[in-house]
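# Architecture and fold: a report
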Amino acid sequence: MTGNNGYITVDGKPFFILGGQVHNSSAYTKDSMAPLWDVLVRMHANTAEVPVYWEQIEPEEGAFDFSIVDDVIAGAREHELRLVLLWFATWKNGTMKYTPGWVKVQPDRFRRVITADGFPLPVLSPHCPATLAADTAAFRALIEHIKGADAGERTVIAVQIENEPGSYGSERDYSLEGNALFAVEAPPAVMSLLPTIAASGLHQAWAENGSRTGGAWVEVFGRRAAEVFNAWHVARYIDAIAAAARAVYDVPLYVNVWLGENGFRDAGYDYPSGGAVSDMIPLWKAAAPHVDILAPDIYLPDSDSFRQICAAYSRADNPLLIPECGLRPATARQMFYAIATHKAIGIAPFGIDSLVDEDGAIVDTGVALVESFAATRAILSLIPQAQENGRLHAIVQEEGVAEQFIALEGYNALVQFDLSWYGRRAPTRGGMETERGRGLLIQTGPKEFYVTGVGFTVYLRPITDVDRILRAHPRRGQLDPWLLVEVGRFEGDRWVVEGRRAGDESDFGLVMAIPGQAVRAVFD
Ligand code: DGJ
């Protein structure tokens, strides 16, 4: 289970997931995984996200082979990484690609979603008890295996059930069975939820259709009915799998989401219908109580959209976990909003195999992300507590921005995104994928601050000391009466000092130019 404000815990402490997800087909063999462990270490990740394929672990019905799971656990341990396993089964991006051959060749037994004009899709129906039973049996066997292999060390810290579930290609299953279920009244659990979720997209769909107290799905939800109906059934299906796993072993379980904020936003076409898109979060929470977290895959490159999604999923009943995001420069700055502004408990870029070229060098487009990971790793153990007391601030240079002002307790901070005299300049313009100044500022006490990041200088000034401001030299840095400025990084909970700053290196603000090195500043 999760604890401490939704954090996944390791050794009883909240554990921030600084992760990386491998490409979809990388985890079939020990050999294909072999080079990736090192990539994860080099990117300063603490967690690997790795798929487990139903087709591989149950090639024949009832005959399981978990050797690849053992290999993956061993690889993670050898590299001192934790693991999140991804269960690619009934649904992978809203289709059935990773189901075993014996599922694929028996469509009469494992029934498909049928489109409105009568065609079967390569998508399994959420209304088929035989499929649910088969997936549940396989997932339970996987969880039993993890328990046997890992209950002592707990290398596996979470498991993702399915991957971006829902129906891709149709908003719901129009089979006879699907139509019959769609014709009945929306269940009391849905109806009683609606008055309690004002301001949600689901509530809006209900209100637009007259806020009825009962009726068939289409009467209650109008044009959104097929999606709401499918979301209810997909969530109930997944909850049954989660409940079966929970009965075996207590490991955090989450479901990832292909966002609804895509293209024309038509369920079933622009994204799989029935997933836990932002409008369906309350419904999913009610339908799937055995799932700990609904986790958005956020690939949106502009920060406003990125932050809107963070805000939608960061709720009292749902911590923000981003199990996938783009492996690109935009993520290198957006991740600091997720951590500081939206209390993320973890983030993992997708496709870390692509972070290195054939010679093993970090690709140009990956450098900024690796630097941001290094910066975050340097103060990682401070994050959970700082999120709680609101003293964690994102430093992010957006397009055209040269300065950022941050109000602190007793102090103000001024950030300048120009390190030209340190041989490094963060351009103020250049498009969304341009590398920018970014990092975190944490106030850990009335007069103590940690700064991490790259591409900026930060000045701190006491708010009330008017006399001193009047007397002081006009240059900003000269106003800062530091008692102590240290550089270093956290190793676990321990701050390891690597050097000190004074004179030019602190008189003119705190220059942040070395990504893996944080600064601790204490005032007198
Ligand atoms: C989201 C999926 O969840 C991943 O498995 C992968 O297919 C990526 N999309 C590719 O961008």
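Residues numbered from 1 in each chain as written. Predicted model: local features only at pLDDT ≥ 70, side-chain atom pairs only at ≥ 80, totals over all residues. Heavy atoms only, no water.

### Looking at the packing of helix α1 (residues 30-42) against helix α3 (residues 67-78)
As a packed pair, α1 and α3 sit with axes 10 Å apart at the nearest point and diverge in direction by 15°. Here α1 lies roughly parallel to α3, going by the angle between them. Of the two possible hands of crossing, α1 and α3 adopt the one that is right-handed. Contacts from Lys30, Met33 and Trp37 of α1 reach α3 at Ile68, Asp71, Val72, Gly75 and Ala76. (Axes fitted to C-alpha atoms, helices over the stretch in contact; angles between N-to-C directions. Helix = DSSP H or I, 4+ residues; strand = E, 2+ residues; numbered from the N terminus. Parallel < 35°, antiparallel > 145°, perpendicular 65-115°, else oblique. Left-handed = near helix turned anticlockwise from the far one by under 90°. Contact = heavy atoms within 4.5 Å.)

### Thoughts on the confidence of the model for the protein chain
Of the residues in the protein chain, 93% have a pLDDT of 70 or more, and the chain-wide mean is 93. Across residues 473-478 the pLDDT falls below 50, and counting only partners more than four positions away or on other chains, this stretch makes 14 contacts in the model. (pLDDT = per-residue confidence, 0-100.)

### Regarding the site of the ligand
Contacts to the ligand come from Asn24, Lys92, Asn93, Asn163, Glu164, Asn256, Asp297, Tyr299, Glu324 and Phe350. Between the ligand and Lys92 there is a distance of 3.0 Å, counted from an oxygen atom to a side-chain nitrogen or oxygen. Note that an oxygen atom of the ligand is positioned 2.6 Å from one of the side-chain N or O atoms of Glu324. Look at the ligand: alone it shows 300 Å² of surface, and the protein chains cover 74% of it. For the shell around the ligand, the per-class residue count stands at two nonpolar, four polar and four charged. (Near = heavy atom within 4 Å. Polar contact = N/O pair within 3.5 Å; in protein donor to acceptor, adjacent residues only side chain to side chain. Areas by Shrake-Rupley, 256 points an atom, 1.4 Å probe, with all protein chains shown as cover. Nonpolar A, V, L, I, M, F, W, Y, C, P; charged D, E, K, R; others polar.)

### Thoughts on the environment of Met191
With respect to the secondary-structure elements, Met191 resides in helix α7 (residues 188-193). Spatially, the C-alpha atoms of Met191 and Trp206 are 9.5 Å apart, while their sequence positions differ by 15 residues.

### Some thoughts on the packing of aromatic side chains
For the structure on display, the rule yields 22 aromatic pairs. Relative to Phe66, the ring of Phe64 has its centre 5.7 Å away and its plane inclined at 5°; by these criteria the two rings are stacked. Assessed through its relative accessible area of 32%, Phe64 is described here as partly exposed. With a centroid separation of 4.9 Å and 40° between ring planes, the pair formed by Trp482 and Phe523 is classed as tilted. Here Trp482 is found in strand β21 (residues 482-491), whereas its partner Phe523 is found in strand β24 (residues 518-523), with 41 residues between them in sequence. We classify Trp482 as buried; its relative accessible area is 15%. Judged by its relative accessible area of 3%, Phe523 falls in the buried class. An aromatic cluster is built from Trp54, Trp87, Trp102, Phe110 and Phe139, whose rings are joined through pairwise contacts. In this arrangement the basic side chain of Arg172 is found over the ring face of Tyr174, its NZ or CZ atom lying 4.0 Å from the centre. Across the ring face of Tyr337, the terminal group of Arg307 is positioned such that the distance to the ring centre comes to 4.3 Å. (Phe/Tyr/Trp six-rings, centres within 6.5 Å; stacked < 30°, edge-to-face > 60°. Buried < 20%, exposed > 50% of the residue type's maximum accessible area, 1.4 Å probe, protein only. Lys NZ or Arg CZ within 6 Å of the ring centre and 35° of its normal.)

### Description of the nonpolar core
Ranked by size, the top nonpolar core spans 147 residues in total, and within it Leu83, Trp87, Phe139, Trp217, Phe221 and Trp284 carry the most contacts. Ranked by residues supplied to this core, first place goes to helix α10 (residues 225-246) with 12 residues. Apart from the residues lying within four places of it in its own chain, the contact partners of Phe139 are Trp87, Val159, Ile161, Ile241, Ala245 and Leu253. In this structure, Ile406, Val451, Met512 and Val519 belong to the second largest nonpolar core, which totals 21 residues. (Core = buried A, V, L, I, M, F, W, Y, C linked by side-chain atoms within 4.5 Å.)

### Some thoughts on the packing of helix α6 (residues 176-183) against α10
Interaxial distance between α6 and α10 falls to 11 Å at its minimum, and their mutual angle equals 105°. Our classification of the angle between α6 and α10 gives roughly perpendicular. Residues Gly178, Leu181 and Phe182 of α6 pack against Ala225, Ala226, Phe229 and His233 of α10. Per-class residue counts for the contact of α6 with α10 are five nonpolar, two polar and no charged.

### Topic: the pairing of strand β16 (residues 403-407)
On β16, burial follows the alternation: Gln404 and Ile406 on one face are buried, whereas Glu403, Phe405 and Ala407 on the facing-out side are not. Note: β16 against strand β17 (residues 411-416), five bridges, orientation antiparallel. Within the sheet, the bridge partner assigned to Glu403 lies in β17 and is Gln416. Linking β16 back to β17 in an antiparallel pair, the connection comprises three residues, with Gly410 at a positive phi of about 85°. (Pairing = 2+ DSSP bridges.)

### Some remarks on the pattern of salt bridges
Any two side chains of opposite charge can pair, so long as their charged atoms come close to each other. Applying the stated criterion to the full structure yields 20 salt bridges. Of the charged contacts in the structure, one is a salt bridge between Glu371 and Arg438, with a shortest N-O distance of 3.5 Å. A residue pair is termed long-range when its members are at least 10 positions apart, and Glu371 in helix α14 (residues 364-378) and Arg438 in strand β18 (residues 438-445) qualify at 67 residues. The exposure class of Glu371 is buried, given its relative accessible area of 14%. On the basis of relative accessible area, Arg438 is assigned to the buried category, the value being 1%. Note that Arg520 and Glu486 form a salt bridge whose closest N and O atoms lie 2.9 Å from each other. (Salt bridge = Lys/Arg side-chain N within 4 Å of Asp/Glu carboxyl O.)

### Things to note about the sheet that holds strand β14 (residues 344-347)
Pairing is parallel in the open sheet, where nine strands are placed in the order β12-β14-β4-β5-β6-β9-β10-β11-β13. Unpaired on one side and paired on the other, β12 (320-322) and β13 (324-325) mark the two borders of the sheet. Of the strands in this sheet, β5 (47-53), β6 (82-92), β9 (156-163) and β10 (253-258) touch helix α5 (residues 129-150), which is tilted by about 170° from β6. The sheet contacts of helix α13 (residues 329-340) involve β4 (17-21), β12, β13 and β14, and relative to β14 the element is tilted by about 155°.

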